[in-house]
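The primary structure of each chain is shown beneath.
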Amino acid sequence: MSSFTSFDYVIVGGGLAGLVLATRLSEDANTGVLVIEAGQDQTSDPRVNIPGMWPALIRGESAWDFKTVPQEGLEGRQIGFPQGRLLGGSSALNGLAFSATSKANVDAWESLGNAGWGWKEFYESMKRSYSLASEGADAKGPVQLTVPEADTEWPKVWTETLTTLGFSTTGNPFNGTLSGGVVVADSIDPLTKQRSYAANAYLEPARSRPNLTIWTKADAEKIIFDRSDGVTATGVQVVQDGETKIVEARKDVVITAGTINSPRLLELSGVGDAKRLQSLGIDVVVDNPNVGENLQNHPLCTLSFQVRDGPGFDTIDKLARQDPNAIAAAMKAYGNQKGPMSKSGSNLVAQLPTPGLKTDDDVSNLTALLQSAILDGHDESKSFAQSHESFVRSILASPTEATGCYIMIPGFVEPTSDGWMAPAPPGEENYLTLTLLLAHPLSRGSVHVTSASADPSAVAIDPKYLSHPLDIEVMAKHLQFAENIATTKPLVDHLVLDGKRNPRAPPAGSLADLSAAKEYLRKTTVGAHHFTGTCSMMPKDVGGVVDAQLRVYGCRNLRVCDASIIPLTPRTNPQATVYGVAEHAARIIRTGL
Ligand SMILES: Cc1cc2nc3c(=O)[nH]c(=O)nc-3n(C[C@H](O)[C@H](O)[C@H](O)COP(=O)(O)OP(=O)(O)OC[C@H]3O[C@@H](n4cnc5c(N)ncnc54)[C@H](O)[C@@H]3O)c2cc1C
């Protein structure tokens with residue numbers, strides 16, 4: 001084992017948040033920054049850069065291959081999921097949709113006791129991360145965004161259908177007030193039509209700085225502490241090329257390993273629930289039972305409908321079935337920066353309020369589910385549970401705040417029962433899919449190591465999907481509403497309603513029965529890849545792991561700054577929010593707080 005020169009900041013995890021921080025902190029030429037990344041540098045890999053190839057890397061050496069423990073709320077199924085393991089982290093292989101969360105969501109973070117994290121300040125930080133021509137001059141960040149051009153009739157049909165249903169389709173997707181339909185931007189550079197992400201947008205222009213060092217294929221095994229005067233993080237133990245090294249941090253060790261790996265690393269280093277750690281033979285450094293708790297993720301389900309084929313109503317099904325002509329046409333179009341490879345394909349979105357609340361009784365029935373869960377002692381941390389539930393209560397019956405996020409995808413999309421992507425069904429039919437995410441689930445779970453070993457499979461991931469009674473109720477109402485959308489003009493004119501559906505869908509019309517909708521959810525729901533919360537930012541006695549300056553409770557010189565610090569999950573795909581968190585963290589650290 002050899003010791004290395006020290007750096008001011010040692011950043012563990014060269015993913016989305018890690019590279020934002022490394023870039024911002026190394027803007028000061030006198031600040032030495034090291035990034036330790038377990039994966040490889042794949043900045044020139046076409047599977048990273050070509051937008052339409054994004055699903056190509058989610059299984060294999062570029063991803064952490066995680067799966068949940070059996071999920072009682074999903075009939076005991078275990079749900080597999082990836083997290084990026086390459087330079088840029090999950091921003092290098094994610095689905096590219098770039099969408100802001102709501103003002104109400106971020107203001108609720110501040111109300112938990114996180115001064116300086118309200119929407120106003122947060123939005124200023126988030127705007128430092130992206131640029132979109134139509135968004136105006138005040139958003140001038142490195143990540144380039146593109147709103148895809150309408151090369152089919154589907155965007156028009158989507159917005160007109162939502163208008164028929166009485167929703168706005170002209171809201172601003174960035175300023176925290178969006179309600180209704182929108183065509184969301186992709187994190188794609190409009191000039192090159194390549195993915196724009198943490199590694200090429202942030203790191204690449206900064207890479208030649210002499211004060212910035214990047215180690216790839218380097219696994220951080222544990223944080224090193226000095227315990228002579230309280231607890232101070234002094235460095236990190238790293239394995240690279242079979243060699244174990246200790247690297248020293250003169251200022252902070254900053255953990256940005258993501259929502260699963262950040263609490264994993266803390267626990268392996270002795271920061272966590274003392275009883276749990278002792279039972280695994282891990283030396284306890286800081287006793288904090290909140291580490292790894294409060295895991296949140298969006299439950300996700302899909303419904304596919306057969307499309308009435310016609311000019312302007314293309315879908316991605318031929319491409320998904322690997323039809324050679326469709327592949328050739330898509331690659332040729334991409335040569336001209338057009339076609340399905342030049343975009344994410346998941347841009348047609350709606351943020352919608354809880355459907356079916358017609359009377360005061362409807363509202364009080366839902367609210368009663370909230371109350372019963374609190375009284376039943378559903379959560380260990382009653383204090384945070386009450387804050388979480390009061391946030392959800394504040395939006396549950398609002399006519400403008402969303403509890404459901406819908407994504408209309410022209411093509412067949414259905415997860416397998418264990419969370420991966422099912423192939424398109426055989427045949428010639430084309431499909432349209434409505435994907436539904438429960439925006440603000442109350443079900444919360446945990447991530448904990450199951451041994452003292454650094455083996456990444458030694459971890460129990462339990463999101464407790466659909467365990468809160470309100471979640472299944474609200475999601476079932478949204479699922480019913482998804483079918484209403486499909487039967488509304490003009491969308492209905494382009495679907496064969498009595499035609500084929502995704503194989504596991506019940507016959508048309510049967511989801512009108514709420515118990516059938518719930519049964520469908522229990523059978524088919526999986527998790528989105530939107531995990532947050534396991535090192536939550538809030539007071540320790542409320543359930544926190546880090547304070548509002550992202551300092552880990554109980555030790556000096558140690559911070560966590562990634563998706564894991566988000567205490568109440570964003571209402572939609574989280575990358576815009578995580579960029580905002582990282583920019584905000586950089587401001588906090590640079591001002592010396
Ligand atoms: C398949 C997929 C699709 C997604 N689609 C979208 C989408 O369309 N839109 C959207 O907004 N969001 C999407 N997301 C979510 C979004 O990408 C994440 O929320 C975001 O990247 C989280 O950022 P992070 O910095 O917390 O973690 P990450 O970006 O995952 O970075 C963590 C990094 O730490 C590294 N690391 C972990 N442990 C160690 C260790 N011990 N030593 C060294 N390095 C380590 C990892 O290899 C990784 O590079 C998707 C995510 C996935 C996985």
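Keep in mind it's a predicted model, so treat the numbers as computed, not measured.

The rules we used
Residues numbered from 1 in each chain as written. Predicted model: local features only at pLDDT ≥ 70, side-chain atom pairs only at ≥ 80, totals over all residues. Heavy atoms only, no water. Helix = DSSP H or I, 4+ residues; strand = E, 2+ residues; numbered from the N terminus. Rg over C-alpha atoms; globule rule 2.2 N^0.38 Å. Buried < 20%, exposed > 50% of the residue type's maximum accessible area, 1.4 Å probe, protein only. Contact = heavy atoms within 4.5 Å. Areas by Shrake-Rupley, 256 points an atom, 1.4 Å probe, with all protein chains shown as cover. Domains from an automatic or database assignment. Buried area = accessible area lost by both parts, 1.4 Å probe. Salt bridge = Lys/Arg side-chain N within 4 Å of Asp/Glu carboxyl O. Polar contact = N/O pair within 3.5 Å; in protein donor to acceptor, adjacent residues only side chain to side chain. Nonpolar A, V, L, I, M, F, W, Y, C, P; charged D, E, K, R; others polar. Core = buried A, V, L, I, M, F, W, Y, C linked by side-chain atoms within 4.5 Å. Arc of directions from axis to C-beta. Near = heavy atom within 4 Å.

Moving on to the overall build of the protein. Each helix and strand in the protein was counted, giving 15 helices and 26 strands. Relative to its length of 593 residues, the protein is compact, with a C-alpha radius of gyration of 23 Å against a globular reference of 25 Å. The dimensions of the protein, computed from C-alpha atoms along their principal axes, are 70 × 60 × 40 Å. In the protein, which comprises 593 residues, the proportion classed as buried is 60%. Sequence separation of at least 24 residues holds for 74% of the intrachain contacts in the protein that already meet a minimum separation of 6. Here the protein has roughly 21,700 Å² of accessible surface; of this, 51% comes from carbon and sulfur atoms.

This next bit is on the domain arrangement of the protein. When the parts of a complex come together, some accessible area is lost, and that lost area is often taken as the interface size. In terms of domain boundaries, the protein breaks down into domain 1 (2-65 + 79-145 + 192-297 + 530-590) and domain 2 (299-527). Between the C-alpha centres of domain 1 and domain 2 there is a distance of 27 Å. With 55 residues of domain 1 in contact, the opposing surface of domain 2 contributes 51 residues. Both sides together, the interface formed by domain 1 and domain 2 hides about 4,200 Å², and carbon and sulfur atoms give 63% of it. By the criterion of area lost to domain 2, the three top residues of domain 1 are Ile79, Asn297 and Arg571, representing 16% of everything that side buries. Across the domain 1-domain 2 interface, the total number found is zero salt bridges. At the boundary of domain 1 with domain 2, the tally comes to 15 residue pairs in polar contact (both at pLDDT 80 or more). In terms of residue count, helix α7 (residues 258-268) provides more of the side of domain 1 that touches domain 2 than any other element does, six residues in total. When the residues that make up the side of domain 1 that touches domain 2 are grouped by side-chain class, the tally is 27 nonpolar, 18 polar and 10 charged.

Judged by nonpolar contacts, the single largest core of 167 residues is most densely connected at Ile36, Trp117, Leu266 and Leu558. Ranked by the residues each element gives to this core, the list is headed by helix α13 (residues 469-486), at 10 residues. A domain split of this core shows at least three residues from each of domain 1 (2-65 + 79-145 + 192-297 + 530-590) and domain 2 (299-527). Among all residues touching Leu558, those that are not within four sequence positions of it are Ile223, Phe225, Ala233, Asp252, Val253, Ile255, Leu266, Leu550, Arg551 and Val552. Of all hydrophobic cores here, the second largest spans six residues; its members include Leu268, Ala274, Ile282 and Val449.

This paragraph deals with helix α5 (residues 154-164). All of the buried residues in α5 are Trp154, Pro155, Val157, Trp158, Thr161 and Leu162. All buried residues of α5 fall inside an arc of 165 degrees around its axis, so they share one side. Those residues of α5 that are buried are in contact with β9 (180-183), β18 (299-307), β19 (348-352), β20 (404-409), β21 (431-438) and α13. Just beyond α5, the residue with positive phi is Gly166, at close to 95 degrees.

Residues in contact with the ligand amount to 37 residues; listed here are only the nearest, Glu37, Ser90, Gly95, Ala97 and Gln575. Within the backbone of Leu86, a nitrogen or oxygen atom sits 3.3 Å from an oxygen atom of the ligand. Isolated, the ligand exposes 1,000 Å² of accessible area, and the fraction of that covered by the protein chains is 97%. Elements with a contribution of two residues or more to the shell around the ligand: α1 (16-25), β5 (80-84), β12 (218-226), α7 and α15 (575-590).

To continue, consider the side chain of Thr152. Checked against the element boundaries, Thr152 lands in the loop between β8 (143-144) and α5. Judged by its relative accessible area of 19%, Thr152 is buried. Side-chain polar atoms of Thr152 contact the backbone nitrogen of Trp154, separated by 3.2 Å. Beyond its immediate sequence surroundings of up to four residues, Thr152 is in contact with Gly312 and Asp314.

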